[in-house]
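Letter by letter, the chains look like this.
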Amino acid sequence: MLTRDELERYDRQIMIRGIGEAGQEKLKQAKVVIAGGGGLGSPASIYLAAAGIGTIRVVDHDKVELSNLNRQILHWDRDVGKRKVDSSVEKLSQLNPWVKIESVAETISQDNISSLVAGFDAIVDAMDNLPTRYLLNKAAIDNNIPFFHGAVYGLEGRAMTVIPGKTACLRCVYHGLPPEEKFPVIGVTPAVIGCIQATEVIKYIVGIGKLLANRLLVYDGLNMKFAEFTVKREPNCEHCGHLGEGQ
Amino acid sequence: MSVKINIPSYLQPYTNDTAVIEVNGSTLDECLNHLVEQCPDIRNKLFDKEGKLHDYVSIYLDGQFIYADELSKPAKDGDEFHLFYILGGG
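Residues numbered from 1 in each chain as written. Chains lettered and ligands numbered in written order. Predicted model: local features only at pLDDT ≥ 70, side-chain atom pairs only at ≥ 80, totals over all residues.

(A) Molecular detail of the overall build of chain B. A tally of helices and strands in chain B yields two helices and five strands. Mapped from its N terminus to its C terminus, chain B presents α and β elements in the order β-β-α-α-β-β-β. Relative to the compact-globule value of 12 Å for 90 residues, chain B shows a C-alpha radius of gyration of 12 Å, a close match. Overall, the C-alpha framework of chain B stretches about 35 × 25 × 25 Å when taken along its three principal axes. Considering only contacts within chain B whose residues lie at least 6 apart along the sequence, 51% involve residues at least 24 apart. (Helix = DSSP H or I, 4+ residues; strand = E, 2+ residues; numbered from the N terminus. Rg over C-alpha atoms; globule rule 2.2 N^0.38 Å. Contact = placed C-beta atoms within 7 Å.)

Here is the structure:
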């Protein structure tokens, strides 16, 4: 049940048609994993914490570097050298002390992925590499947890929401690995995409609106355009094909 | 017949900084080949040494995702394709 302080804190969003006190209670009860505390993970976690998601788990094994600071807005100049999860917990807890922030300073791997996401209601894909994104996608499918994908390059970004067994998953659409490179990015791009991911998580938990399900949203910041592309489940998808149609 | 292929910003260095290339072809395969004829530098970015489309390249026809085995589908006048790489950055 929401306290009087919570009713006041979240007053403006409780006013939104479709959220209300019942929706806010759902947000309070929700548990969200944010895989990556960097460019995407910063805005996603900030807005999910501000919205009152009950439990947020940030997973990141990195330490803050100077070159992160143009985009990873959870981390400030004074944080260089700190573990990103520590910097994240500090800021998010100050932003909203009523939200439980958990930190896991581990590299996401085949061995620990299931334990990292078990019992959670949503996974935010805020990684900076494709192999781990594929691991997360598979874990989301295997554990039947919705998966909120986002990715950026320069001034371009993408977002897509995966509901296991019902919509196309990341693997239905993406295969292979492009040559590894240091990717260019400016903070405003992951800011846009991370906020879209957070919006999708909130909508999913509250149960309102139309998700980016079977829809790949492409953001072109250079020309300030959004485009939408229809994706579809691949019957033989190695991650979700075994779930069959319409499960 | 004219088909448009939209080139993402990260591949435009290989198309003389052109965002939309007009091509001809009766299938998507042929359209891609015509793209490469006009912009040879993009060949290695789209195809491997055997001429197979890299598996990390995604193609959309009029907003719909196309599987790699659908490249022989007919293309028609006015069709618009988008080419994308998988993005991993975050």
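(B) Examining the overall build of chain A more closely. What chain A contains, in helices and strands, is nine helices and eight strands. Here the C-alpha radius of gyration of chain A, 17 Å, is about what a compact globule of 247 residues would show, namely 18 Å. Once the C-alpha set of chain A is aligned to its principal axes, its extents read approximately 50 × 40 × 40 Å. Across the 247 residues in chain A, those meeting the buried criterion constitute 47%. Considering only residue pairs separated by 6 or more positions, chain A has 68% of its internal contacts joining residues 24 or more positions apart. (Buried ≥ 20, exposed ≤ 12 C-beta atoms within 10 Å, placed from the backbone.)

(C) Representation of the interface of chain A and chain B within the structure. Across the boundary between the two partners, chain A contributes 33 residues, which contact 19 residues of chain B. Looking at the side of chain A that touches chain B, the elements that each hand over two or more residues are α7 (130–142), β5 (147–153), β6 (156–162) and β8 (225–230) of chain A. The residue makeup of the side of chain A that touches chain B, split by class, is 17 nonpolar, nine polar and seven charged. (Nonpolar A, V, L, I, M, F, W, Y, C, P; charged D, E, K, R; others polar.)

(D) Layout of the nonpolar core. Residues and elements named next belong to chain A. If you look at the biggest cluster of nonpolar residues, it comprises 89 residues, and the most contacted ones within it are Val 32, Ala 35, Ile 56, Ile 123, Val 124 and Val 201. Looking at this core element by element, the count peaks at 10 residues for helix α9 (residues 188–206). Filtering out sequence-adjacent residues up to four positions away, Val 32 remains in contact with Leu 48, Ile 53, Ile 56, Phe 120, Asp 121, Ala 122, Val 124 and Val 201. (Core = buried A, V, L, I, M, F, W, Y, C linked by C-beta atoms within 7 Å.)

(E) Representation of the environment of Ile 5 of chain B within the structure. Mapped onto the fold, Ile 5 of chain B is located in strand β1 (residues 3–6). Separated by 67 residues in sequence, Ile 5 of chain B and Ser 72 of chain B have C-alpha atoms that sit 16 Å apart.

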